[in-house]
Amino acid sequence: MKKKTVWFEVGETESIDECLERMKTEGYMPMGRREEPVFQEVDGEIIPIRQIIQFKGTYISE
């Protein structure tokens, strides 16, 4: 039995469309999205280096 809700993270080399397609093939439908910035300190300055994007997937019951 699959979980009703799962968070899917978009990989560093993966596009958003690829992540959504992966969700669909596993039987989940996107129901939410959250983003979190990732920072790195360089020469005393804090700079953003990437964004973590996650989609909340709800299992599609058949």
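Further up the page is the structure itself.
Remember, it's a predicted structure, so these values are computed and weren't measured experimentally.

With antiparallel pairing, the three strands of this open sheet are ordered in space as 1-3-2. Here the strands that pair on one side only, and so sit at the sheet edges, are strand 1 (5-9) and strand 2 (28-42). Each strand of the sheet is rotated relative to its neighbour by a mean of 25°, with strand direction disregarded. For strand 1 and strand 3 (residues 45-59), the ladder comprises five bridges, and the chain directions are antiparallel. Bridge pairing links Val6 to Gly57 in strand 3. Running at roughly 25° to strand 3, helix 1 (residues 16-25) makes contact with strand 1, strand 2 and strand 3 of the sheet.

What follows deals with the nonpolar core. Counting seven residues, the largest nonpolar core is built from Phe8, Val10, Cys19, Met23, Tyr28, Ile53 and Phe55. At the level of secondary structure, the elements contributing two or more residues to this core comprise helix 1 and strand 3. Leaving out residues up to four positions away in the same chain, Tyr28 has contacts with Lys2, Lys3, Lys4, Val6, Phe8, Met23, Gly57, Thr58, Tyr59 and Ile60.

Take the packing of aromatic side chains next. Across all of its chains, the model carries two aromatic pairs by this definition. Seen in terms of ring centroids, Tyr28 and Tyr59 are 5.5 Å apart; in terms of plane orientation they differ by 65°. Their pairing is edge-to-face. With a gap of 31 residues between them, Tyr28 in strand 2 and Tyr59 in strand 3 connect regions that are remote in the sequence. Residue class for Tyr28 comes out buried when judged on its relative accessible area of 6%.

Quick notes on the rules
- Residues numbered from 1 in each chain as written.
- Predicted model: local features only at pLDDT ≥ 70, side-chain atom pairs only at ≥ 80, totals over all residues.
- Heavy atoms only, no water.
- Pairing = 2+ DSSP bridges.
- Helix = DSSP H or I, 4+ residues; strand = E, 2+ residues; numbered from the N terminus.
- Axes fitted to C-alpha atoms, helices over the stretch in contact; angles between N-to-C directions.
- Contact = heavy atoms within 4.5 Å.
- Core = buried A, V, L, I, M, F, W, Y, C linked by side-chain atoms within 4.5 Å.
- Buried < 20%, exposed > 50% of the residue type's maximum accessible area, 1.4 Å probe, protein only.
- Phe/Tyr/Trp six-rings, centres within 6.5 Å; stacked < 30°, edge-to-face > 60°.

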